[in-house]
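Architecture at a glance
Here are the chains, one letter per residue:
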Amino acid sequence: QKEVEQNSGPLSVPEGAIASLNCTYSDRVSQSFFWYRQYSGKSPELIMSIYSNGDKEDGRFTAQLNKASQYVSLLIRDSQPSDSATYLCAVNDLYSGGGADGLTFGKGTHLIIQP
Amino acid sequence: EPEVTQTPSHQVTQMGQEVILRCVPISNHLYFYWYRQILGQKVEFLVSFYNNEISEKSEIFDDQFSVERPDGSNFTLKIRSTKLEDSAMYFCASNLDRPKAFFGQGTRLTVV
């Protein structure tokens, strides 16, 4: 049974600071990792994907992956009130050869950016 | 920007009735998915669909559920004999490049 664990929060961060969101996963064959943002009552919106160990930057967002530790994180620089949302971590083992299509999601971390 | 569209946005049905949730994936996408999210819980994978057949399904996707792509543009999820515990947000997703998924706005299903 694949598990994706996130601290549910809420995580409160002052505007302009760096928000750091963390996720651990149980299945060592996981190969693909995603961060989705979900506003209350809305659908998940893909914001980052990462497949290799290390950092991947896209604008104010940086995803970090450490497969040895089974750990993936998301950093949000210069946090804005509009970043207040639930951030979902999702994993998949598709590239392990014969892996599954479906994403396994964590429960999400509720992030609050305080003006 | 192209998007996945879902109809209806909210569906109320009586227990035991059949419902069909509809989705129009992004036009050049090849892989299609249904996920659900019970209120306050995590997003759960139901089924994936490629080349006119199911490629993977979860334990949730039992004989009560079926999917179809009837006309090359729509992608539907049918739930037969709905139960109270089927009440959830149902999200359709699609992609061209697995395994990332782009989600529609969802259909809120309420079974009474």
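These figures come from a predicted structure and were not determined experimentally. (Residues numbered from 1 in each chain as written. Chains lettered and ligands numbered in written order. Predicted model: local features only at pLDDT ≥ 70, side-chain atom pairs only at ≥ 80, totals over all residues. Heavy atoms only, no water.)

Let's talk about the overall build of chain A
Summing up its helical and strand segments, chain A has 0 helices and 11 strands in all. Along chain A, from the amino end to the carboxyl end, the secondary structure elements read β-β-β-β-β-β-β-β-β-β-β. The principal-axis extents of the C-alpha atoms in chain A amount to approximately 45 × 30 × 20 Å. By residue count, 46% of the 115 residues in chain A fall in the buried class. Split by element, the accessible area of chain A, about 5,200 Å² in all, is 47% carbon and sulfur. With 9 positive and 12 negative side-chain charges, chain A shows a separation of 2 Å between the mean positions of the two kinds. (Helix = DSSP H or I, 4+ residues; strand = E, 2+ residues; numbered from the N terminus. Buried < 20%, exposed > 50% of the residue type's maximum accessible area, 1.4 Å probe, protein only. Areas by Shrake-Rupley, 256 points an atom, 1.4 Å probe, with all protein chains shown as cover. Lys, Arg positive; Asp, Glu negative; His and termini not counted. Charge placed at Lys NZ, Arg CZ, Asp CG, Glu CD.)

A short note on unusual backbone geometry
For the bond running from Gly9 of chain A to Pro10 of chain A, omega is 10°, close enough to zero to count as cis. Structurally, Pro10 of chain A can be placed in the loop between strand S1 (4-5) and strand S2 (11-14). Looking along the chain, the bond that leaves Thr7 of chain B and enters Pro8 of chain B is cis, with omega of -10°. With respect to the helices, strands and loops of the structure, Pro8 of chain B is situated in the loop between strand S1 (5-7) and strand S2 (10-13). Phi angles above zero are rare outside glycine, and Gln70 of chain A is one such case at about 55°. Structurally, Gln70 of chain A can be placed in the loop between strand S7 (61-66) and strand S8 (71-76). The backbone of Asp78 of chain A sits at a positive phi, close to 45°, despite the residue not being glycine. Its place among the elements puts Asp78 of chain A in the loop between S8 and strand S9 (85-92). Here Asp78 of chain A falls in the partly exposed class, since its relative accessible area comes to 39%.

Some details on the interface of chain B and chain A
At the junction of the two partners, chain B supplies 21 residues and chain A supplies 22 residues. Around 1,800 Å² of area is buried between chain B and chain A when both sides are counted, 55% of it from carbon and sulfur atoms. Viewed at the interface, chain A and chain B are joined by 0 salt bridges. Counting only elements with at least two residues in the side of chain B that touches chain A, the list comes to strand S4 (31-37), strand S5 (43-50), strand S6 (53-57) and strand S10 (102-103) of chain B. Of the residues contributing to the side of chain B that touches chain A, the split by class is 9 nonpolar, 7 polar and 5 charged. (Contact = heavy atoms within 4.5 Å. Buried area = accessible area lost by both parts, 1.4 Å probe. Salt bridge = Lys/Arg side-chain N within 4 Å of Asp/Glu carboxyl O. Nonpolar A, V, L, I, M, F, W, Y, C, P; charged D, E, K, R; others polar.)

Some words on the sheet that holds S8 of chain A
Pairing is antiparallel across the open sheet formed by 5 strands, whose spatial order is S1-S3-S8-S7-S6 (chain A). Taken across any chain shown, the strands that pair with only one partner, and hence form the sheet edges, are S1 and strand S6 (54-58) of chain A. (Pairing = 2+ DSSP bridges.)

A word on the side chain of Asn95 of chain B
With respect to the helices and strands, the residue Asn95 of chain B is situated in strand S9 (residues 88-95). Contacts of Asn95 of chain B, omitting those with residues within four sequence positions, involve His29, Leu30, Tyr31, Tyr33, Lys100, Ala101 and Phe102 of chain B.

Here's the deal with the pattern of salt bridges
Side-chain pairs of opposite charge can arise whenever the charged atoms involved come near each other. All names here are of chain A. A complete count under the given rule lists 4 salt bridges over all chains for this structure. Arg77 is the partner of Glu57 in a salt bridge, and the nearest nitrogen-oxygen pair spans 3.5 Å. On the criterion of sequence distance, the pair formed by Glu57 in strand S6 and Arg77 in the loop between S8 and S9 is long-range, its members being 20 residues apart. For Glu57, a relative accessible area of 60% gives the class exposed. Looking at Arg77, the relative accessible area reads 25%, which means it is partly exposed. Note that Asp83 and Arg60 form a salt bridge whose closest N and O atoms lie 2.9 Å from each other.

A closer look at the environment of Val91 of chain A
All names here are of chain A. Positionally, Val91 belongs in strand S9. For Val91 and Phe33, which are 58 residues apart along the polypeptide, the C-alpha to C-alpha distance reads 4.6 Å. Residues within four places of Val91 in sequence aside, it is in contact with Val4, Tyr25, Ser30, Ser32, Phe33, Gly102, Leu103 and Thr104.

Points about the nonpolar core
One broad rule of soluble globular proteins: the nonpolar side chains tend to lie buried together. Ranked by internal contacts, the top residues of the largest apolar core, which has 23 residues, are Phe33, Trp35, Val72, Leu74, Ile76, Tyr87 and Leu111 of chain A. Sorting the residues of this core by element identifies strand S3 (19-25), strand S4 (32-38), strand S5 (45-50), S7, S8, S9 and strand S11 (109-114) of chain A as the ones contributing at least two each. Apart from residues lying up to four places away in sequence, Leu74 of chain A is in contact with Ala19, Ser20, Leu21, Trp35, Ile47, Met48, Phe61, Thr62, Ala63 and Tyr87 of chain A. Ranked by size, the runner-up nonpolar core spans 21 residues in total, among them Leu21, Cys23, Ile26 and Leu109 of chain B. (Core = buried A, V, L, I, M, F, W, Y, C linked by side-chain atoms within 4.5 Å.)

Remember that the coordinates give geometry; whether it matters functionally is a separate question.
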